[in-house]
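# Summary of the model geometry
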Amino acid sequence: MSTQRKVSAQRPVARRTQGERTAQTRAALIAVARRLFGAEGFAEVGAERITREAGMTRGALYHQFANKAELFAAVLEQVEAEIAERVAGAVTGFDPADTTGMLLAGADAWLDASSEPDLQRIVLLDGPSVLGWDRWREICLRHTVGLIAALIQDGIDRGSLPPQPVQALTHVLVGAVDEAALYIAQAADGAAARADMDLVIRRLTLALATPADPG
């Protein structure tokens, strides 16, 4: 009896590049850190726990990040980028000429995100203390200033807003919404604080459409 040998062609196994392995390691650490920082806070979560839950060594963490604070900064970058996407999504579908409506929708989306306990803890409560005010502010502004400035400039170009200093106004509006979120986060009655801030922000935003008194 003859024996037939079946020879199967072996497909080459795709091997990850060093860059891909680095990106996957970094993403896994950020994902675990985000979950833990959001649930328990930066101070309560040690580097050893993060690496253990990510299935990695401390060496892997410190190869990617100088320290736990730098890992937190990466988490904040990710969270701020996602919030910016939510703000951008909130203005989709508006009449392009409804500048104040888009600004109000964007502010509402930001306050909604800031009211979620994990995002509130990362962005508003831990962010300034872990990274310092200047760096925290720089990260936050990088993800929002361009969007708000573009809305204001477009409104001025369309005539739905009177001419006014775009960059200065952008920083004032972003700062106002950030302070509103902090006010709500620290309030004993969050629902009442949110209602009050919705009213204040609405009045401030609608006032932007009022031409300045030439006198």
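Presented here is an overview of the structure given in this document. Residue indices begin from 1 for each chain and proceed along its sequence in written order. Restriction of local features to residues with pLDDT of at least 70 applies here, the model being predicted, together with a cutoff of 80 or more for giving and counting side-chain atom pairs; totals for whole chains, interfaces and linings are based on all residues. The basis for every side-chain value is the complete set of heavy atoms in the structure, and neither hydrogens nor water enter the calculation.

## Some points on the packing of aromatic side chains
Any two of the Phe, Tyr and Trp rings considered here, Trp counted by its six-membered ring, make a pair once their centres fall within 6.5 Å; the pair's planes then place it as stacked at under 30 degrees, edge-to-face at over 60, or tilted in between. Here the structure, examined in full by the defined rule, presents four aromatic pairs. Ring centres 5.6 Å apart and planes at 55° place the aromatic pair Phe 37 and Phe 72 in the tilted group. Of the two residues, Phe 37 sits in helix α1 (residues 18-40) while Phe 72 sits in helix α4 (residues 68-90), which places them 35 residues apart along the sequence. Ring geometry for Trp 133 versus Trp 136: centroids 5.0 Å apart, planes at 50°, classification tilted. With Trp 133 and Trp 136 both in helix α7 (residues 133-158), this residue pair falls three residues apart, about one helical turn. Summary of the burial criterion: residues with accessible area below 20% of their type's maximum are buried, those above 50% are exposed, and those between are partly exposed, where the area comes from a 1.4 Å probe applied to protein chains only. Looking at Trp 136, the relative accessible area reads 1%, which means it is buried. Pairwise contacts between aromatic rings join Phe 37, Phe 42 and Phe 72 into one cluster. Whether a charge sits over a ring depends on NZ of Lys or CZ of Arg being within 6 Å of the ring centre and within 35 degrees of the ring normal. Its end group placed over the ring of Phe 42, Lys 68 keeps NZ or CZ at 4.1 Å from the ring centre. Secondary structure elements are defined from DSSP: runs of H or I of at least 4 residues count as helices, runs of E of at least 2 residues count as strands, and each element is numbered from the N terminus.

## Notes on the packing of helix α8 (residues 166-186) against helix α9 (residues 190-207)
Orientation is described by axes fitted as lines to C-alpha atoms, over the contacting stretch for helices, and by angles from 0 to 180 degrees between their N-to-C directions. Contact geometry of α8 with α9 gives a least axis separation of 9 Å together with a crossing angle of 160°. One element, α8, and the other, α9, form an angle in the roughly antiparallel class. The chirality of how α8 crosses α9 is right-handed. Here α8 contributes Val 177, Ala 180, Tyr 183 and Ile 184 to the contact with α9, which in turn contributes Gly 190, Ala 193, Arg 194, Met 197 and Ile 201. Amino acids are sorted into nonpolar (Ala, Val, Leu, Ile, Met, Phe, Trp, Tyr, Cys and Pro), charged (Asp, Glu, Lys and Arg) and polar (every other residue, Gly among them). Split by residue class, the contact of α8 with α9 holds seven nonpolar, one polar and one charged. If an angle is under 35 degrees, it is roughly parallel; if it is over 145, roughly antiparallel; if it lies from 65 to 115, roughly perpendicular; otherwise it is oblique. Here a crossing is taken to be left-handed if its near helix is turned anticlockwise relative to the far helix by less than a right angle, and right-handed if that turn runs clockwise. Contacts are assigned to residue pairs with any non-hydrogen atoms lying within 4.5 Å of each other.

## Regarding the environment of Arg 194
Secondary-structure assignment places Arg 194 in helix α9. Classification of Arg 194 as buried rests on a relative accessible area of 13%. The spatial distance from the C-alpha of Arg 194 to the C-alpha of Gly 127 is 21 Å, given a sequence separation of 67 residues. Beyond its immediate stretch of four places on either side in the chain, Arg 194 contacts Asp 108, Leu 111, Asp 112, Ser 115 and Ile 184.

## Describing the nonpolar core
Each nonpolar core is a collection of buried residues, namely Ala, Val, Leu, Ile, Met, Phe, Trp, Tyr and Cys, held together in the definition by side-chain atoms within 4.5 Å. Phe 37, Ile 50, Leu 71, Ile 83, Ile 122 and Val 123 are the most contacted members of the largest nonpolar core, which totals 46 residues. Elements supplying a minimum of two residues to this core: α1, α2 (47-54), α4, α5 (99-114), α6 (117-131), α7, α8 and α9. Setting aside chain neighbours within four positions, we find Ile 83 in contact with Trp 110, Ala 113, Leu 119 and Val 123. By size, the runner-up hydrophobic cluster in this structure holds 16 residues, among which are Val 145, Ile 148, Ile 152 and Leu 169.

## Brief notes about the packing of α4 against α5
At their nearest, the axes of α4 and α5 sit 8 Å apart, and the two run at 140° to each other. The handedness of the crossing between α4 and α5 comes out as right-handed. Judged by residue contacts, Glu 80, Ile 83, Arg 86, Val 87 and Ala 90 of α4 engage Ala 105, Gly 106, Ala 109, Trp 110 and Ala 113 from α5.

## Details of the side chain of Asp 178
Here Asp 178 is to be found in helix α8. Residue classification places Asp 178 among the buried residues on the basis of a relative accessible area of 9%. Any pair of N or O atoms that falls within 3.5 Å is considered a polar contact. Within protein, one atom must be able to donate a hydrogen and the other to accept it, and sequence-neighbouring residues count only if both atoms are side-chain atoms. Here Trp 110 takes part through its side chain, which lies 3.3 Å from a polar atom of the side chain of Asp 178. Here Asp 178 is in contact with Trp 110 and Arg 137, once residues within four sequence places are set aside.

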